[in-house]
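Structural characterization, general
Listed here are the chains, written in short residue letters.
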Amino acid sequence: MTKIINFKETINQKELEEIGSTLRNGKLVIFPTETVYGIGANALDAKAVDDIFKAKGRANDNPLIVHVANFDMVHELTYEPTPIEKHLMDAFMPGPFTLILKKKKMIPDNVSAGLDTVGIRMPENDIARKIIEEANVPVAAPSANISSRPSGTKIEDIKDEFDGKVDIIVDGGETKIGIESTVVKVIDGIPNVLRPGKITPEDIKDVVGIVKIDEHVYKKAEGKVESPGMKYRHYAPNSNCIMIYSEQDEILIEEIKKHLTPNTIIIGYLEHQKYFPTTKFYVHGSKNNYDEISHNIFSLLRKVDKEHPDLIIIEGVKKEGIGIAIMNRLIRSCSYHYIEK
Ligand code: AMP
Ligand code: MG
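Residues numbered from 1 in each chain as written. Chains lettered and ligands numbered in written order. Predicted model: local features only at pLDDT ≥ 70, side-chain atom pairs only at ≥ 80, totals over all residues. Heavy atoms only, no water.

1. Examining helix H2 (residues 46-56)
- Here H2 has its buried residues at Ala48, Val49, Ile52, Phe53, Ala55 and Lys56. Considered in projection along H2, the buried side chains sweep an arc of 170° and stay on one side of the axis. Opposite the buried face of H2, at more than 90 degrees from it, the exposed residues are Lys47 and Lys54.
- Buried residues along H2 sit in contact with strand E3 (38-42), strand E7 (139-140) and helix H6 (155-162).
- Following H2 by one or two positions, glycine 57 adopts a phi angle in the positive range, close to 70°. (Buried < 20%, exposed > 50% of the residue type's maximum accessible area, 1.4 Å probe, protein only. Helix = DSSP H or I, 4+ residues; strand = E, 2+ residues; numbered from the N terminus. Arc of directions from axis to C-beta. Contact = heavy atoms within 4.5 Å.)

2. Some thoughts on the pattern of salt bridges
- With the rule as written, the count across this model stands at 25 salt bridges.
- Between glutamate 161 and arginine 302 there is a salt bridge, with the nearest N and O atoms lying 3.2 Å from each other. With glutamate 161 in helix H6 and arginine 302 in helix H9 (residues 290-305), the pair connects residues that are 141 residues apart, well separated along the chain. In terms of burial, glutamate 161 and arginine 302 fall into one category: buried.
- Among the ionic pairs, glutamate 320 bridges to lysine 318, the shortest N-O distance being 3.9 Å.
- Connected through salt bridges with shared partners, the residues Arg149, Glu161, Arg302 and Asp305 form a single ionic network. (Salt bridge = Lys/Arg side-chain N within 4 Å of Asp/Glu carboxyl O.)

3. A few points about the sheet that holds strand E12 (residues 241-245)
- Reading across the sheet, the five strands line up as E14-E13-E15-E12-E16 and stay open at both edges, with parallel pairing between neighbours. Edge positions in the open sheet fall to strand E14 (280-285) and strand E16 (338-340), since each of these has one partner strand only. Geometrically, the sheet is characterised by an average inter-axis angle of 20° between neighbouring strands, direction not taken into account.
- Sheet topology places E12 next to strand E15 (residues 311-315); four bridges connect them, and they run parallel. Within E15, the residue paired with methionine 243 across the bridge is isoleucine 314.
- Relative to the sheet, H9 contacts E12, strand E13 (264-269), E14 and E15, its axis offset from that of E14 by approximately 145°.
- Relative to E12, helix H10 (residues 323-333) is tilted by about 140°, and along the sheet it contacts E12, E15 and E16. (Pairing = 2+ DSSP bridges. Axes fitted to C-alpha atoms, helices over the stretch in contact; angles between N-to-C directions.)

4. Describing the environment of arginine 58
- Along the chain, arginine 58 falls in the loop between H2 and strand E4 (65-67).
- The class for arginine 58 is buried, based on a relative accessible area of 17%.
- With 47 residues separating them in the primary sequence, arginine 58 and lysine 105 have C-alpha atoms 23 Å apart.
- The residues contacting arginine 58, other than those within four sequence positions of it, are Phe53, Pro63, Leu64, Pro142 and Ser147.
- Side-chain polar atoms of arginine 58 contact the backbone oxygen of asparagine 62, separated by 3.1 Å.
- Within the structure, arginine 58 has its side chain in polar contact with the backbone oxygen of proline 63 (distance 2.8 Å). (Polar contact = N/O pair within 3.5 Å; in protein donor to acceptor, adjacent residues only side chain to side chain.)

5. Section: H9
- For H9, which comprises 16 residues, the first-to-last C-alpha distance of 22 Å matches the rise-based estimate of 22 Å (1.5 Å per residue) to within 8%.
- Isoleucine 297 marks the point of greatest bend in H9, at about 45°.
- Of all the 16 residues making up H9, 12 are buried; the element is thus mostly covered by neighbouring parts of the structure.
- Buried residues along H9 sit in contact with H6, E12, E13, E14, E15 and H10. (Expected span 1.5 Å × (residues − 1). Bend = angle between axes of the 7 residues up to and from the residue.)

6. Focus: the site of ligand 1
- Around ligand 1, 18 residues are found, and the nearest of them are Thr117, Ser143, Arg195, Ser227 and Gly229.
- Serine 143 is positioned with one of its side-chain polar atoms (N or O) 3.1 Å from an oxygen atom of ligand 1.
- Arginine 195 is positioned with one of its side-chain polar atoms (N or O) 3.1 Å from an oxygen atom of ligand 1.
- Considering ligand 1 on its own, with 500 Å² of exposed area, one finds that the protein chains cover 96% of that surface.
- When residues of the shell around ligand 1 are traced back to their parent elements, those giving at least two are strand E6 (117-121) and strand E10 (190-195).
- Looking at which element gives the most residues to the shell around ligand 1, the answer is E6, with three residues.
- Along the lines of polarity and charge, the residues of the shell around ligand 1 split into nine nonpolar, six polar and three charged. (Near = heavy atom within 4 Å. Areas by Shrake-Rupley, 256 points an atom, 1.4 Å probe, with all protein chains shown as cover. Nonpolar A, V, L, I, M, F, W, Y, C, P; charged D, E, K, R; others polar.)

7. Focus: the packing of helix H4 (residues 83-92) against helix H7 (residues 201-208)
- With their axes 10 Å apart at the nearest point, H4 and H7 run at an angle of 120° to one another. Classified by the angle between their axes, H4 and H7 sit oblique to one another. Both H4 and H7 take part in a crossing whose hand is right-handed. Side by side, H4 and H7 meet where Ile84, His87, Leu88, Ala91 and Phe92 of the first sit next to Asp203, Ile204, Val207 and Val208 of the second.
- Grouping the amino acids of the contact of H4 with H7 by side-chain chemistry returns seven nonpolar, one polar and one charged. (Parallel < 35°, antiparallel > 145°, perpendicular 65-115°, else oblique. Left-handed = near helix turned anticlockwise from the far one by under 90°.)

8. A look at the side chain of lysine 287
- Looking at the secondary structure, you find lysine 287 in the loop between E14 and H9.
- Here aspartate 249 takes part through its side chain, which lies 2.5 Å from a polar atom of the side chain of lysine 287.
- With residues up to four places along the chain from it excluded, the contact list for lysine 287 reads Asp249, Tyr269, Glu271 and His272.

Below, the structure written as structure tokens:
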């Protein structure tokens, strides 16, 4: 039986203690963060970590991110950061940011999928922070979704997939950002963005003066990659899906019209809805509000998928700011089936 705990309005101390002891005792807890929901276990307990892989159906060569409540925990788990790494941590932690650091032996091998590094993240979401503090152990937590599916951002979607499979689900309402953290690894003194997110390459450049975006952010990864997660099918609905984008509205609308089928659902801009009066149309956001689009995109994909359209057409965004992260996710949602004009 899964216990649902509601922390939407207030965090109840007794229930918080129950969550803490559940984690310490090697059980699974799903909890909200500012990015997406995480499915968490005590990161120092290899058996508990193994249960995460099983619950998600995740490939065991795809490492987990370890969530911490403070810098003491970072120092306990990893070796001394380089000055650039330290700079990045000071600038972006707590926040939607994961830094790959050299790990100490105390982190079990299955957490890091055998790598000698570990992804560390310090969430800023109050519920997440309090849960980790209370558990008083680092918490390994990948996104709460069955592998290959869109990440969980609202409680109904989480319950659909994990009711009965975890001990506790903590309801914190819809997650604010809606897409996962920015993952960065410093290689030869240069921060490499392995997965884009709310913290943009520009934000990183502003702090340390230099940044690189990994070539696989928009491209299919084959062979050896810096981040194993890049190789896998990801964020995908079950329905056929194509992403279409042009900076010019007329071209974008015309291209969508070419692809319409009898039972297409469009996910697109508020401003474009009027051009498709006879097609089912869900709004992902307004044209200049990419934060709104990132917040909505995964839950919309799940919602549309339940209606079994013969095609989902998603309008893309400009690859700048958080638009880089949105396009990285959409390209994968559509299994690299996309048109940019
Ligand atoms: P998720 O747990 O679903 O948020 O996905 C975590 C992402 O971080 C995956 O794409 C992993 O490949 C990546 N990741 C985690 N740990 C490492 C690491 N040590 N080195 C490189 N990438 C990592
Ligand atoms: Mg994930």
